[in-house]
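Survey of secondary and tertiary structure
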Amino acid sequence: MQMDFSQLDRFDQAILNVLGGEGRISIADLARRIGLSKSPTQTRLKRLEAEGVITGYRALVDPVRLGLDHVAFVEVRLNDTRENALTTFNAAVARVPEIEQAHMIASNFDYLLKIRTRSMTEYRMVLAEKISTLPNVASTSTYVAMQAVKDDGALAPE
């Protein structure tokens, strides 16, 4: 079941806002921040998880500190866009670790990929050996990012 952020009450919205910035906050601190006691906060949190609104928790890692500071966006055009071809392409994309994001696009190209590597040389190898050999790829165009102006990945419903 899909729901809109506005369908959640103010306590559920507050839980999502707090967890969006502080995923490791304790239940007691979360309860204090949203203005409920610990038990109803925990019940609401479990419900949001069970309903799939909260899908998991993870550490945000700074890729630049790991030497992964080369970012390229790649437009991909496919030679076949029937459902089976899209499914095959999607599955292959999921197996390429350098692809950080992949989006099907309604445009004059079919997919936009965000690729993260250590250097232009490494990117060039990924493009030649992995991206260009994905199923049904007809052509690609690359745009290299010079600077990330905003890349927080946080939910910003307000």
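Per an unreviewed UniProt entry, the protein chain carries the name Winged helix-turn-helix transcriptional regulator and comes from Parasedimentitalea maritima.

Right, let's get into the UniProt feature "domain: HTH asnC-type" (unreviewed entry) in the protein chain. What UniProt calls "domain: HTH asnC-type" (unreviewed entry) maps, in this numbering, to residues 8-69. Along residues 8-69 the backbone is 53% helical and 0% strand, and the end-to-end C-alpha distance reaches 38 Å.

Inspection of every chain in the model, using the stated rule, returns one aromatic pair. Ring geometry for F89 and Y111: centres 4.4 Å apart, planes at 45°, overall tilted. Placement of the pair is F89 in helix α4 (residues 83-94) and Y111 in strand β3 (residues 111-117), with a sequence separation of 22 residues. On the basis of relative accessible area, Y111 is assigned to the buried category, the value being 4%.

In this section: the domain arrangement of the protein chain. By convention, interface size is frequently given as the accessible area that disappears when the constituent parts associate. What the domain assignment lists for the protein chain is domain 1 (10-51) and domain 2 (63-144). Look at where the C-alpha atoms of domain 1 and domain 2 centre, and you get two points 36 Å apart.

This part is about the pattern of salt bridges. Should their charged atoms come close, side chains of opposite charge can pair. Evaluation of the coordinates by the stated rule reveals twelve salt bridges. Of the charged contacts in the structure, one is a salt bridge between E22 and R33, with a shortest N-O distance of 2.7 Å. One end of the pair, E22, is in the loop between α1 (10-21) and α2 (27-34); the other, R33, is in helix α2, and eleven residues separate them in sequence. On the basis of relative accessibility, which here comes to 48%, the residue R33 falls in the partly exposed class. Of the charged contacts, one joins E51 and R47 as a salt bridge, the two residues approaching to 3.5 Å between their closest N and O atoms. The partly exposed category is assigned to E51, whose relative accessible area is 38%. Of the residues examined, R47 reaches a relative accessible area of 30% and is grouped as partly exposed. Salt bridges linked by common partners bring D9, D12, R44, R47 and E51 together as one network.

Criteria and thresholds
Residues numbered from 1 in each chain as written. Predicted model: local features only at pLDDT ≥ 70, side-chain atom pairs only at ≥ 80, totals over all residues. Heavy atoms only, no water. UniProt positions renumbered as here; feature names shortened; annotations may be inferred. Helix = DSSP H or I, 4+ residues; strand = E, 2+ residues; numbered from the N terminus. Phe/Tyr/Trp six-rings, centres within 6.5 Å; stacked < 30°, edge-to-face > 60°. Buried < 20%, exposed > 50% of the residue type's maximum accessible area, 1.4 Å probe, protein only. Domains from an automatic or database assignment. Salt bridge = Lys/Arg side-chain N within 4 Å of Asp/Glu carboxyl O.

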